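Listed here are the chains, written in short residue letters.
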Amino acid sequence: MQYNIEKIKQNLKRKLNSDRYEHTISVAYIAIALAMRYDYDIKKAEIAGLLHDCAKCIPDDTKLSKCMKYNISISDIERENPYLLHAKLGAFLAMNKYRVDDKDIVSAILYHTTGRPSMSTLEKIIYIADYIEPNRTKAFNLSEVRRIAFVDLDLTMYLILRDTVEYLKKNPKNIDVMTIKAYEYYDFLQKEKSNFLKNEEED
Ligand code: DGI
Ligand code: FE
Ligand code: FE
């Protein structure tokens, strides 16, 4: 599919506040850089990066009403924390408003906030680009995560999910089950890898 990048950017500029627009452009560029590193389609990475937060600046009550209107399911945690819905609503808008018919791009938008077990390459690229883009300053271990992002995607997922779950534990009832499942999956994967390496050494 051919995408009109300039038109998408113009639309996002109207729909997002200026900080969110800057963040969006940065995520798209970091996603392109990661796609280059991991031999992934750079156009798909760019489109997913541009659209990942397309629903972010919709007011929370409108997010809830739009989800109801479009039959998008709302969990109890999403009802309590409606900002989480920008991922589901963003994936819906990518398909129906921006006419993205590529399932990889849509699911990268859908899972960009919580992650999920066994993520695709594009899902990991967008999740990671969102966390490490240069305007981000608040997360712990950012310089380490930024370096590892260009070394090992699965290890980076583990590091980000570990720190995110740690941060969210301040308010455990607001943690989405998908975030926990994603963390448990990447934690397990890291342990499997280190056990494998240990056994190799002993052989
Ligand atoms: O939209 P962005 O700010 O660019 O980034 P994002 O969509 O990854 O959202 C980041 C925020 O989402 C961050 O503060 C952590 C939070 N988050 C991630 N998983 C969960 C979560 N918040 C809640 N309440 N529950 C989760 O499971
Ligand atoms: Fe987001
Ligand atoms: Fe974002």
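Heads up: the structure comes first, above all this text.
Residues numbered from 1 in each chain as written. Chains lettered and ligands numbered in written order. Predicted model: local features only at pLDDT ≥ 70, side-chain atom pairs only at ≥ 80, totals over all residues. Heavy atoms only, no water.

## A word on unusual backbone geometry
With a phi angle near 60 degrees, Arg99 is a residue other than glycine that sits in the positive phi range. Positionally, Arg99 belongs in the loop between helix 6 (85-96) and helix 7 (103-110). At Ser118, a position not held by glycine, the phi torsion is positive, near 50 degrees. Turning to its location among the elements, Ser118 is positioned in the loop between helix 7 and helix 8 (121-132). (Helix = DSSP H or I, 4+ residues; strand = E, 2+ residues; numbered from the N terminus.)

## Some thoughts on the packing of helix 2 (residues 18-37) against helix 8
One way to put it is that helix 2 packs onto helix 8 with a least axis distance of 8 Å and a crossing angle of 125 degrees. By the angle between their directions, the pair helix 2 and helix 8 is classed as oblique. You can see that helix 2 and helix 8 cross each other, and the crossing is right-handed. From helix 2, His23, Val27, Ile30, Ala31, Leu34 and Ala35 reach across to helix 8, where they touch Ile125, Ile126, Ile128, Ala129, Asp130 and Ile132. (Axes fitted to C-alpha atoms, helices over the stretch in contact; angles between N-to-C directions. Parallel < 35°, antiparallel > 145°, perpendicular 65-115°, else oblique. Left-handed = near helix turned anticlockwise from the far one by under 90°. Contact = heavy atoms within 4.5 Å.)

## Quick notes on the coordination of the iron ion (ligand 3)
Donor atoms from the polypeptide that coordinate the iron ion (ligand 3) comprise His23 (NE2), His52 (NE2), Asp53 (OD) and Asp130 (OD), at 2.1 to 2.2 Å from the metal. Written as a sequence motif, the donor arrangement for the iron ion (ligand 3) is H-x28-H-D-x76-D. The metal-metal distance between the iron ion (ligand 3) and the iron ion (ligand 2) is 3.6 Å, with Asp53 coordinating both. In this structure, His52 and Asp53 share a single accessibility class: buried. (Donors = N, O, S within 2.8 Å, 3.2 Å for Na, K, Ca; no water. Buried < 20%, exposed > 50% of the residue type's maximum accessible area, 1.4 Å probe, protein only.)

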